[in-house]
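Chains, contacts and geometry: an overview
As a plain string of letters, each chain reads:
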Amino acid sequence: MPSRLIGKWYGVEGGNPVEMEFGTNGHVTYDALIGDRHHIMLLTWRVEGDALISDQPSHPQEVRTQFRFDAEGALILTNEGIETRYLREETPPGSN
């Protein structure tokens, strides 16, 4: 597992703030704030080449997402041709 993925990442998907926390144990917590509700998914993950493979054990179906890091160290995920940029931060954007 690439150690660069381990930790918390913050981004925006479809106008909604998203937090992902990758653990060394192959688990990731995905938390999207949609309206006033948190939508949380507990996933497993692994890497094959430049693909991040995630799966939700409660609804098994592997999802392959291309990933890379840009020059500033942001995590770029590409899913169905759409790129989403995530920043590793100690404090989520807009919480100050």
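Quick look at the structure, then.

The rules behind the values
Residues numbered from 1 in each chain as written. Predicted model: local features only at pLDDT ≥ 70, side-chain atom pairs only at ≥ 80, totals over all residues. Heavy atoms only, no water. Pairing = 2+ DSSP bridges. Helix = DSSP H or I, 4+ residues; strand = E, 2+ residues; numbered from the N terminus. Axes fitted to C-alpha atoms, helices over the stretch in contact; angles between N-to-C directions. Buried < 20%, exposed > 50% of the residue type's maximum accessible area, 1.4 Å probe, protein only. Contact = heavy atoms within 4.5 Å. Salt bridge = Lys/Arg side-chain N within 4 Å of Asp/Glu carboxyl O.

1. Here's the deal with the sheet that holds strand β2 (residues 16-22)
Spatially, 8 strands are ordered β1-β2-β3-β4-β5-β6-β7-β8 in a closed barrel, and the strand pairing comes out antiparallel. Looking at each pair of strands side by side, their axes are set apart by 35° on average, direction ignored. Inspection of the sheet shows strand β7 (residues 75-79) paired to strand β8 (residues 82-87) by 5 bridges, in the antiparallel sense. Bridge pairing in β8 places T78 opposite E83.

2. A closer look at the environment of V63
Mapping V63 onto the fold places it in strand β6 (residues 63-69). According to the relative accessible area criterion, V63 is partly exposed, its value standing at 33%. For V63 and I53, which are 10 residues apart along the polypeptide, the C-alpha to C-alpha distance reads 5.5 Å. Excluding residues within four positions of it along the chain, V63 makes contact with L52, I53 and S54.

3. Side note on the pattern of salt bridges
Considering all chains together, one arrives at 7 salt bridges under this definition. A salt bridge links E19 to K8; the shortest N-O distance between them is 3.9 Å. Here E19, found in strand β2, pairs with K8, found in strand β1 (residues 7-13); they are 11 residues apart in sequence, far enough to count as distant. Residue R85 is joined to E72 by a salt bridge in which the shortest nitrogen-to-oxygen separation is 3.2 Å. Remark: E72 occurs in the loop between β6 and β7 and R85 occurs in strand β8; sequence separation between them is 13 residues. A residue is classified by how much of its surface remains accessible, and E72, at 63% relative accessible area, is exposed. Each of R46, E48, E62 and R64 takes part in a single network of salt bridges with overlapping partners.

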